[in-house]
Amino acid sequence: VSLLPSGIRWVHVMDGSYFRVVAKAHLRGGLDINWLQSLFAASLQPDLVLLLDVDPALAWKRRPSFKATELGRWDGFGASPEQAFCTYQNAIREVLLRFAAERDWPVISQTVDCSPEQIAKQVEQMVISRLG
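Residues numbered from 1 in each chain as written. Predicted model: local features only at pLDDT ≥ 70, side-chain atom pairs only at ≥ 80, totals over all residues. Heavy atoms only, no water.

## Notes on the overall build of the protein chain
Regarding its fold elements, the protein chain presents six helices and four strands. Each helix (α) and strand (β) of the protein chain, taken in turn from the N terminus, gives the series β-β-α-α-β-α-α-α-β-α. A buried classification covers 27% of the 132 residues belonging to the protein chain. Looking at the protein chain alone, contacts between residues at least 24 apart form 57% of all its contacts between residues at least 6 apart. (Helix = DSSP H or I, 4+ residues; strand = E, 2+ residues; numbered from the N terminus. Buried < 20%, exposed > 50% of the residue type's maximum accessible area, 1.4 Å probe, protein only. Contact = heavy atoms within 4.5 Å.)

Take a look at the structure:
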């Protein structure tokens, strides 16, 4: 959220952040998470992070194709595309969920029963309640 001289507030919404980069680097090279995060210490920090938690198996069913990087091919995941995707994305998910617990991020768990509109409403309510 940015406050302009006129008092207008801006909300910047991003899909992903350096937290995912840290998680991937940790998984890829076994690098220390605290050290990896220290590389971003001088970066602007978000006022609020919401983690949209989607089971990788559900995500797999929603799209027709995935890039090699999403399958974890560059990180040594060589099983069938579906198995590689689910295993790799779940490993990243576990790191991000740990970040969420440590940093008190709200987590929105997406299920088969939730429509995109319902998820968007949850996000909107969390942003409004957290940032006023």
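## Notes on the nonpolar core
Ranked by size, the top nonpolar core spans 16 residues in total, and within it Phe19, Val22, Leu96, Phe99 and Trp105 carry the most contacts. For this core, the elements supplying multiple residues, two or more each, are helix H1 (18-29), helix H2 (33-38) and helix H5 (81-103). In terms of residue count, H5 provides more of this core than any other element does, six residues in total. Leave out the neighbours within four places in its chain, and Phe99 touches Phe19, Val22, Ile33, Gln37 and Trp105. (Core = buried A, V, L, I, M, F, W, Y, C linked by side-chain atoms within 4.5 Å.)

## Re the side chain of Asp53
Tracing the chain through its elements places Asp53 in strand S3 (residues 51-54). A polar atom in the side chain of Asp53 sits 2.5 Å from the side chain of Arg93. Excluding its chain neighbours within four sequence positions, the residues that come into contact with Asp53 are Arg93, Leu97, Val107, Ile108, Ser109 and Gln110. (Polar contact = N/O pair within 3.5 Å; in protein donor to acceptor, adjacent residues only side chain to side chain.)

## Structural notes on the confidence of the model for the protein chain
For the protein chain, per-residue confidence averages 84 on the pLDDT scale, and residues scoring 70 or more make up 89% of the total. Mean pLDDT values for the elements of the protein chain range from 50 in strand S1 (residues 2-3) up to 94 in H2. (pLDDT = per-residue confidence, 0-100.)

## Things to note about the pattern of salt bridges
Under the defined criterion, the tally for this structure stands at five salt bridges. The closest approach of N and O atoms between Arg93 and Asp53, which form a salt bridge, is 2.5 Å. Of this pair, Arg93 sits in helix H5 while Asp53 is found in strand S3, placing the two residues 40 residues apart along the sequence. The partly exposed category is assigned to Arg93, whose relative accessible area is 23%. A salt bridge links Arg103 to Glu102, with the nearest nitrogen and oxygen atoms 3.5 Å apart. The class of Glu102 is exposed, set by a relative accessible area of 54%. What emerges from the salt-bridge pattern is a single network uniting Arg98, Glu102 and Arg103. (Salt bridge = Lys/Arg side-chain N within 4 Å of Asp/Glu carboxyl O.)

## A look at the pairing of strand S4 (residues 107-110)
Only one face of S4 is buried, namely the one carrying Ile108 and Gln110, since none of Val107 and Ser109 on the opposite face is buried. The pairing of S3 with S4 spans four bridges and is classified as parallel. When the sheet's bridge partners are listed, Asp53 is paired in S4 with Ser109. (Pairing = 2+ DSSP bridges.)

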